[in-house]
Amino acid sequence: MESMNHESSHAPNVQNLMTGFVRPALRTREQRLNPFPWYRTCLSQGTVLRDESSQSWDVFGYEEAQFVLKNHAHFSSQRTVDGQNALGNYAPSILNLDPPRHTQLRRLINLAFTPKAIASFQPRIETITHNLLAAMKQETQGKSSEVDLVAALAYPLPVIVIAEMLGVPPEDRDKFKRWSDLLVEGPSDLRPETMMDLMTRRAAGRKELDEYFRNIVQLHRGKDDGTLISALISAQIENESLSLEELLSFCVLLLAAGNETTTNLIVNAWRCLLEHPETFAMLRENPGLIDGVIEETLRYYSPVQATNRIVTEDIEVGGQTFSKGERVVVWLGAANRDARIFENPDTFIPTRSPNHHMAFGHGIHFCLGAPLAKLEAKIAIVAMLSQIDEVSAVPTDLTPIISGFVYGVKSFPIQVTWAQ
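Residues numbered from 1 in each chain as written. Predicted model: local features only at pLDDT ≥ 70, side-chain atom pairs only at ≥ 80, totals over all residues. Heavy atoms only, no water.

(A) Quick look at the overall build of the protein chain. When helices and strands are counted, the protein chain shows 18 helices and ten strands. Taking 22 Å as the expected radius of gyration for a compact globule of 420 residues, we find that the protein chain reaches 21 Å, a close match to that expectation. The principal-axis extents of the C-alpha atoms in the protein chain amount to approximately 60 × 55 × 40 Å. In the protein chain, of all internal contacts separated by at least 6 residues, the share reaching a separation of at least 24 is 74%. Surface accessibility of the protein chain: about 18,200 Å² in total, with carbon and sulfur atoms responsible for 51%. Distance from the positive charge centre (39 side chains) to the negative charge centre (50 side chains) of the protein chain: 1 Å. (Helix = DSSP H or I, 4+ residues; strand = E, 2+ residues; numbered from the N terminus. Rg over C-alpha atoms; globule rule 2.2 N^0.38 Å. Contact = heavy atoms within 4.5 Å. Areas by Shrake-Rupley, 256 points an atom, 1.4 Å probe, with all protein chains shown as cover. Lys, Arg positive; Asp, Glu negative; His and termini not counted. Charge placed at Lys NZ, Arg CZ, Asp CG, Glu CD.)

Structure representation (structure tokens):
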């Protein structure tokens, strides 16, 4: 890893990178838990606004967001700090690549990440969910009790699934939690020393992750053992395979995106259900509504609220002129509440149709793991509904995840009465 002195020489650029999603209106606990009034205010002022504090453009409108995300020629995903990526000299994630390399890598990864491959995990996801619910019930002796939904179900389920997909042994799952949290963690304040501390810890964590996954790749190379990692190792298009560095970057991406996002989708769905008793009652009566509940949760409480791009040449968006080199933040959470597209955007409507939300992005970077995340959430929620008589949120001050782009809570205590 580079020395601290060398890192310090990049401090202004690093600070700009780390605070790219930080806005004055989203710094308190209450604002992080409820950014939606800010979105409404911004949308009332314009679909595209300039944020002087970060010297970047904010895109709030749905159509404008789609335009930026699908127009990769004018809006690059390659985000660097003085020629390096945010964590040092590593192969860039597929998230941070433009065509043609992005196209080549995505085609390779798609070979191992097909709908059929994802569907094949369903029996195992159901078994893991059943085991986690059985452990919850056993711990509470089957009686009405308080449970942290995050710790008991929403966190371990996707971690176990991702770990098994990557061929990771069960005893290493706690390491995954620590690494995953670090990858999406945002700065607790805007002081330069806070930024540098987070960057240093991220760089150290990435070094640990790379070393760990190097060993995993070595263990699975040349094997056909049904794991995603073995499929990725052997995937080829026109005699081209993923390099070791590209494999490592995809493993890191899958850890962060597949874990944190799915955890927050499950918890955010339960928050929506408990905040809207009429929807909860409808779902209890008809579990077939679960797909609509999940899609509306993705729109209403999007697990990922924002993403960013770099302008490659001057272009006009929403009546504003973006200049080459400027940073653009696309607020997916705001686009998903654009009244021009969604009727009654601040109302949770599980039967909303159509529901073309952008929770998983848009264009060439649309999330590969979207089907897996939705499958896990569907299984987890339906299975839990079948095993409880009553459930309610425990009155408490929720603690938001400290992140500029991830939306979720660190814990979600619920009172559960188990079915007999």
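Following the structure, the description resumes.
(B) Main features of the sheet that holds strand E9 (residues 388–393). If you walk across this open sheet you meet the three strands as E4-E10-E9, and the pairing is antiparallel. Each edge of the open sheet carries a strand with a single partner, namely strand E4 (145–148) and E9. Geometrically, the sheet is characterised by an average inter-axis angle of 35° between neighbouring strands, direction not taken into account. Both E4 and strand E10 (residues 413–418) contribute to a ladder of four bridges, which runs antiparallel. The partner of Val-147 across the bridge, within E10, is Ile-414. This element, helix H18 (residues 370–387), spans E9 and E10 of the sheet and lies at about 115° to E9. (Pairing = 2+ DSSP bridges. Axes fitted to C-alpha atoms, helices over the stretch in contact; angles between N-to-C directions.)

(C) Representation of the confidence of the model for the protein chain within the structure. With 90% of its residues at a pLDDT of 70 or more, the protein chain has an overall mean of 87. Predicted confidence is poor over residues 1–19, with pLDDT under 50, and the contacts of this stretch with residues over four places away or in other chains come to 35 contacts. Residue range residues 81–89 is modelled with pLDDT below 50. Its contacts to residues more than four positions away, or to other chains, number 20 contacts. (pLDDT = per-residue confidence, 0-100.)

(D) Structural view of empty space enclosed by the protein. Here the structure, examined in full by the defined rule, presents four cavities of 30 Å³ or more. Taken as a whole, the second largest cavity holds about 180 Å³ of empty space. Lining the second largest cavity we find 18 residues, and of these Leu-26, Arg-32, Ser-403, Gly-404 and Val-406 sit closest to its centre. (1 Å grid on protein atoms, 1.4 Å probe; cavity = no way out; pocket = protein on both sides within 12 Å on 5 of 7 lines; lining within 4 Å. Points joined across faces, edges and corners; volume = space filled by probe spheres on them.)

(E) Region of interest: unusual backbone geometry. The omega angle of the peptide bond from Pro-99 to Pro-100 is 10°, so this bond is cis rather than trans. Put simply, Ser-353 and Pro-354 share a cis peptide bond, and its omega is 0°. Within the secondary structure, Pro-354 sits in the loop between helix H17 (332–335) and H18. Although it is not a glycine, Gln-55 sits at a positive phi angle of roughly 55°. Structurally, Gln-55 can be placed in the loop between strand E1 (48–51) and strand E2 (56–59). You will see that Asn-344, though not glycine, has its phi angle at about 45°, which is positive.

(F) Quick look at the sheet that holds E1. The five strands are arranged E1-E2-E8-E5-E3 in an open sheet whose pairing can be described as mixed. With partners counted over all chains shown, the strands left at the sheet margins are E1 and strand E3 (75–76), one partner each. As paired elements, E1 and E2 share four bridges and run antiparallel to each other. Residue pairing in the sheet places Val-48 in a bridge with Val-59 of E2.

(G) How the structure looks around the packing of helix H14 (residues 244–275) against helix H15 (residues 277–285). Orientation of H14 relative to H15, taken along the N-to-C sense of each, is 105°, at an axis distance of 5 Å. Considering the angle they form, H14 stands roughly perpendicular to H15. Taken together, the residues of H15 that come into contact with H14 (itself represented by Trp-270, Leu-273, Leu-274 and Glu-275) are Pro-277, Thr-279, Phe-280 and Leu-283. Looking at the contact of H14 with H15 residue by residue, the class counts come to six nonpolar, one polar and one charged. (Parallel < 35°, antiparallel > 145°, perpendicular 65-115°, else oblique. Nonpolar A, V, L, I, M, F, W, Y, C, P; charged D, E, K, R; others polar.)

(H) Quick look at the packing of aromatic side chains. By the definition in use, this model includes 19 aromatic pairs. Taken together, a centroid distance of 5.4 Å and an interplanar angle of 85° make the contact between Trp-38 and Phe-60 edge-to-face. Here Trp-38, found in helix H4 (residues 36–45), pairs with Phe-60, found in the loop between E2 and helix H5 (62–70); they are 22 residues apart in sequence, far enough to count as distant. You can call Trp-38 buried: its relative accessible area is 16%. Taking relative accessible area as the criterion, Phe-60 reaches 1% and is therefore assigned buried. Plain terms: the ring middles of Tyr-301 and Tyr-407 are 5.5 Å apart, the flat faces sit at 55° to each other, and that makes the pair tilted. (Phe/Tyr/Trp six-rings, centres within 6.5 Å; stacked < 30°, edge-to-face > 60°. Buried < 20%, exposed > 50% of the residue type's maximum accessible area, 1.4 Å probe, protein only.)

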